[in-house]
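Working through the structure, step by step
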Amino acid sequence: MSELTVGLLRLGYLALLWLLVLSSIAVLRRDLYGTRIVDRRRGSRGAPTAPAPPKEPRPRRKDTGPTRIIVTEGPLRGTILPLGSAAVLIGRSPGCTLVLDDDYSSSRHARLFLEGDQWFVEDLGSTNGTFLGDQRVTAPLPLTTGTPVRIGQNVLELAR
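The structure displayed is predicted, hence computed values, not measured ones. (Residues numbered from 1 in each chain as written. Predicted model: local features only at pLDDT ≥ 70, side-chain atom pairs only at ≥ 80, totals over all residues. Heavy atoms only, no water.)

**A word on the side chain of N154**
Put simply, the rule reads: Starting at the N terminus, helices and strands are each numbered in turn, a helix being any DSSP run of H or I of at least four residues and a strand any DSSP run of E of at least two. Using a 1.4 Å probe on the protein chains alone, a residue whose accessible area is under 20% of its type maximum counts as buried, one over 50% counts as exposed, and one in between counts as partly exposed. Polar contact is the term for a pair of N or O atoms within 3.5 Å; when the atoms are in protein, one must be able to donate a hydrogen and the other to accept it, and sequence-neighboring residues count only if both atoms are side-chain atoms. Note on definitions: a residue-residue contact is assigned when non-hydrogen atoms from the two residues lie within 4.5 Å.
Mapped onto the secondary structure, N154 falls in strand 11 (residues 154–159). In this structure N154 comes out as buried when scored by relative accessible area, which is 0%. Of the polar contacts made by the side chain of N154, one reaches the side chain of D102; its length is 3.4 Å. For N154, the contacting residues outside a window of four places in its chain are V71, E73, G74, P75, L76, L100, D102 and V149.

Here is the structure:
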């Protein structure tokens with residue numbers, strides 16, 4: 001083999017070795033610092049988006065249901081999550097709507113969903129269970145404002 005071929009092989013091997021080292025560092029960094037939190041209120045470049053024009057006040061319904069979920073106990077005490085018409089998925093998975101940092105909750109622990117004008121709570125096969133008051137949730141149960149829902153160490157309530 002010529003000296004040029006051996007030099008190119010050495011250089012290629014060195015580049016491949018550095019690529020392996022850098023990818024290992026990237027994996028370690030991702031494991032140490034966890035999931036990256038993206039602020040969805042900002043634009044793609046990180047600059048704040050232009051303020052939205054003021055909204056016209058909507059007429060209020062006579063019977064307004066719950067508008068938010070409040071965490072009343074646990075590591076996330078004081079967290080408020082606004083409610084819409086979409087279901088709320090609760091668990092440890094980063095893909096959940098309400099992400100719990102709790103060893104006693106499952107990755108996809110429970111779901112709150114709207115059916116008609118009534119909110120329901122459903123356990124998604126969690127290991128430690130979901131409790132509505134003192135009752136364990138085995139099937140979807142109707143949820144009223146102010147009734148505590150225990151998921152692991154966290155207690156949630158629907159509020160107006």
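**A few points about the environment of P142**
Turning to its location among the elements, P142 is positioned in strand 9 (residues 141–143). A relative accessible area of 45% places P142 in the partly exposed class. As for P142 and F113, which are separated by 29 residues in sequence, their C-alpha atoms are 9.6 Å apart. P142 has contacts with Q118, W119, F120 and L132, leaving out every residue within four places of it along the chain.

**Observations concerning the pairing of strand 11**
Let me state the cut-off plainly: Each pair of strands is called paired provided DSSP finds at least two bridges between the two strands.
For strand 11, the tally of buried residues reaches five of six residues, placing the bulk of the element in the interior. Direction of pairing for strand 1 (residues 68–73) relative to strand 11: antiparallel, over a ladder of five bridges. The residue of strand 11 that forms the bridge with I70 is E157. As defined by bridge partners, strand 10 (residues 149–151) adjoins strand 11 across three bridges and the pair is classed as antiparallel.

**Regarding the pattern of salt bridges**
Applicable threshold: Salt bridges, as used here, are contacts in which a Lys or Arg side-chain nitrogen is within 4 Å of a carboxyl oxygen on Asp or Glu.
Scanning the entire structure with this criterion turns up two salt bridges. R150 is the salt-bridge partner of E73, the closest N and O atoms lying 3.5 Å from each other. With E73 in strand 1 and R150 in strand 10, this pair connects stretches of sequence that are 77 residues apart. Judged by its relative accessible area of 34%, E73 is partly exposed. The partner of R111 in a salt bridge is E122, and the shortest N-O contact between them spans 2.8 Å. Placement of the pair is R111 in strand 5 (residues 110–115) and E122 in strand 6 (residues 118–123), with a sequence separation of 11 residues.

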